[in-house]
Amino acid sequence: MRLEDLAVSTPAGLCCPVGGFYIDPVRPVDKALITHAHSDHARPGHGAVLATRETLDLMRLRCGEDCAGSMQAVAYGETVQVGGVAVTFRPAGHVLGSAQICLERNGRRVVASGDYKNVADPTCAPFEPIACDLFISEATFGLPVFRHGDPAGEIAKLLQSVALFPERAHLVGVYALGKAQRVIALLRQAGYTRPIYLHGALDALTRYYVREGIDLGELRLARDAQKSEFAGAIVLCPPSAVKELWSRRFPDPVTSFASGWMRVRARARQRQIDLPLVISDHADWDGLTATIAQTGAGEVWVTHGEEDALVHWCQQRGLKARPLRIVGYGDEEEGSEPVGSEAPA
Ligand SMILES: [Zn+2]
Ligand SMILES: [Zn+2]
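Residues numbered from 1 in each chain as written. Chains lettered and ligands numbered in written order. Predicted model: local features only at pLDDT ≥ 70, side-chain atom pairs only at ≥ 80, totals over all residues. Heavy atoms only, no water.

Visitor: Quick rundown of unusual backbone geometry? Include the residues and the values.
Guide: Phi at Asn106 takes a positive value of approximately 50°, unusual for a residue other than glycine. Within the secondary structure layout, Asn106 lies in the loop between β9 (99-105) and β10 (108-112). (Helix = DSSP H or I, 4+ residues; strand = E, 2+ residues; numbered from the N terminus.)

Visitor: Give a detailed account of the side chain of Thr255, specifying residues and quantitative values.
Guide: Within the secondary structure layout, Thr255 lies in strand β16 (residues 254-258). A distance of 3.1 Å separates the side chain of Thr255 from the backbone oxygen of Gln272, its partner in a polar contact. Discounting residues that sit within four places of it in the chain, Thr255 has contacts with Leu171, Val242, Lys243, Gln272, Ile273, Asp274 and Leu275. (Polar contact = N/O pair within 3.5 Å; in protein donor to acceptor, adjacent residues only side chain to side chain. Contact = heavy atoms within 4.5 Å.)

Visitor: Describe in detail the sheet that holds strand β4 (residues 31-33), supporting the description with residues and values.
Guide: Strand order in this open sheet of six strands is β1-β2-β3-β4-β5-β6, and the pairing throughout is mixed. The open sheet has two edge strands with one neighbour each: β1 (8-10) and β6 (68-73). With strand direction ignored, the average angle separating the axes of adjacent strands in the sheet is 30°. Across three bridges, the pairing between β1 and strand β2 (residues 13-16) is antiparallel. Directly across from Val8, in β2, lies its bridge partner Cys15. Along the sheet, helix α2 (residues 53-63) makes contact with β5 (46-51) and β6, crossing β6 at roughly 150°. (Pairing = 2+ DSSP bridges. Axes fitted to C-alpha atoms, helices over the stretch in contact; angles between N-to-C directions.)

Visitor: Could you give an account of the environment of Ala152, with specific residues and numbers?
Guide: Its place among the elements puts Ala152 in helix α3 (residues 151-164). The partly exposed category is assigned to Ala152, whose relative accessible area is 43%. Sequence separation between Ala152 and Gly178 is 26 residues; the distance between their C-alpha atoms is 16 Å. (Buried < 20%, exposed > 50% of the residue type's maximum accessible area, 1.4 Å probe, protein only.)

Visitor: Account for the coordination of the zinc ion (ligand 1), with residues named and values stated.
Guide: Perfect tetrahedral coordination of a metal by four donors corresponds to 109.5 degrees between them, and perfect octahedral coordination by six donors corresponds to 90 or 180 degrees. In this structure, His36 (NE2), His38 (ND1), His94 (NE2) and Asp115 (OD) serve as the protein donors to the zinc ion (ligand 1), at separations of 2.2 Å. Around the zinc ion (ligand 1) sit four donor atoms, and with donor-metal-donor angles ranging over 90 to 163° the site reads as irregular. Sequence positions of the residues that donate to the zinc ion (ligand 1) give the spacing H-x1-H-x55-H-x20-D. If you look at the zinc ion (ligand 1) and the zinc ion (ligand 2), they sit 3.5 Å from each other and are both ligated by Asp115. With a gap of 58 residues between them, His36 in the loop between β4 and β5 and His94 in the loop between β8 (85-91) and β9 connect regions that are remote in the sequence. Residue His36 is classed as buried on the basis of its relative accessible area, which comes to 0%. Residue class for His94 comes out buried when judged on its relative accessible area of 1%. (Donors = N, O, S within 2.8 Å, 3.2 Å for Na, K, Ca; no water. Tetrahedral: all angles 85-135°; square planar, octahedral: opposite > 155°, others 65-115°.)

Visitor: How would you explain the pairing of β5 if you had to name every residue and give the values?
Guide: Relative to β5, β4 runs parallel, the two sharing three bridges. In the sheet register, Ala32 faces β5, and the bridge partner there is Val49. Inspection of the sheet shows β5 paired to β6 by five bridges, in the parallel sense. Within β6, the position partnered with Ala51 by the bridge is Ala73. With α2 bridging β5 and the parallel β6, this β-α-β connection has right-handed handedness. (Right-handed = clockwise from strand over helix to strand, strands pointing away.)

Visitor: Outline the sheet that holds β8, supporting the account with residue identities and numerical values.
Guide: Here seven strands make up an open sheet; going across it, the order is β7-β8-β9-β10-β11-β18-β19 and the pairing mixed. A strand with exactly one partner marks an edge of an open sheet, and here the two such strands are β7 (79-82) and β19 (320-323). Each strand axis lies, on average, 20° off the axis of its neighbour in the sheet, ignoring direction. Sheet topology note: the strand β18 (residues 299-305)/β19 ladder contains four bridges and is parallel. Residue Trp301 lies in a different strand from β19, and its bridge partner there is Arg322. Docked against the sheet, helix α7 (residues 285-295) engages β11 (134-139) and β18, running at close to 170° with respect to β11.

Visitor: Lay out the environment of Asp286 in plain terms, naming residues and giving numbers.
Guide: Of note, Asp286 is situated in helix α7. Judged by relative accessible area, Asp286 falls into the partly exposed class, the value being 36%. Sequence spacing of Asp286 and Asn118 is 168 residues, and the spatial spacing of their C-alpha atoms is 9.8 Å.

Visitor: Any chance you could break down the packing of α2 against helix α5 (residues 203-211) for me, citing the residues and the numbers?
Guide: If you want to describe how two helices pack, look at the angle between their axes and the distance between the axes. The geometry of α2 relative to α5 is characterised by a closest axis approach of 10 Å and an angle of 155° between their N-to-C directions. If you check the angle between α2 and α5, you find them roughly antiparallel. Classified by chirality, the crossing of α5 by α2 is right-handed. The segment α2 lies against α5, with Arg53, Glu54, Asp57, Leu58, Leu61 and Arg62 engaging Ala204, Leu205 and Tyr208. (Parallel < 35°, antiparallel > 145°, perpendicular 65-115°, else oblique. Left-handed = near helix turned anticlockwise from the far one by under 90°.)

Have a look at this one:
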């Protein structure tokens, strides 16, 4: 059994030829296995979709009830046979329902990571490293400059600013799926008990997390609140809303943005962010390299982001490695901002 029978890279995305399916395809296909519900991975229009129940729920919330011909839910750790390939979804620690997808046949094992992080997150199941022959890793933050640090320290910075400016609202830009709910949970872990205000675009996904049993404390919709309530308040909104008309309703707001990209100072300045918070739902450079080593894989394929540096790191360690260069990932969520030339070396 060759690894190429289990996984090949095609323009439509990662394909499993013997199983007759794709993983996170970027074009409509007959049979898709979906790692998580971010829009660049979970596209509408496939025939049959296999994913965790949470991912399927989130896809329906985001893309509508009829976003796929049929949907089948799989639990973490449950193995299903798809075209003679044993398929198992394991937690990826990225957002609620996110999974790595493990493919096995004739004693050979391939793991497609999807997006992942190997740090604690109170809003989703923790990442599990899986021993495999071929590991297909994302590389959104695949440069040594990206070291995310401790999210609790970033939340402490936000709370210090709130204490320092009790008359001002703090507007925090967050991605709607995953980051919004994690920032709220981190604030609660830090002992912040006041109501947290939400932009309407974050409401449905956040309510889904609450229905799934994740305690986020008291939440209020910003549009229902009196202007006087915003003094000293924390308001979460999509990143684009921080500088839009929407934000003008707040008294002299402090603008903030929670993202792994905030490690790059120029990027925070460019966005006119007063208070950059380095909080990411992707593994940083140390997380990526530690995870690759943990899998024990002799071969590594790198996709979704800064592929070349990680490929080089693998090759230096004697691993077979190559970039996949699949076009179409990173269109909406945290992976949406290519590092480009402005990232420091
Ligand atoms: Zn993602
Ligand atoms: Zn992604």
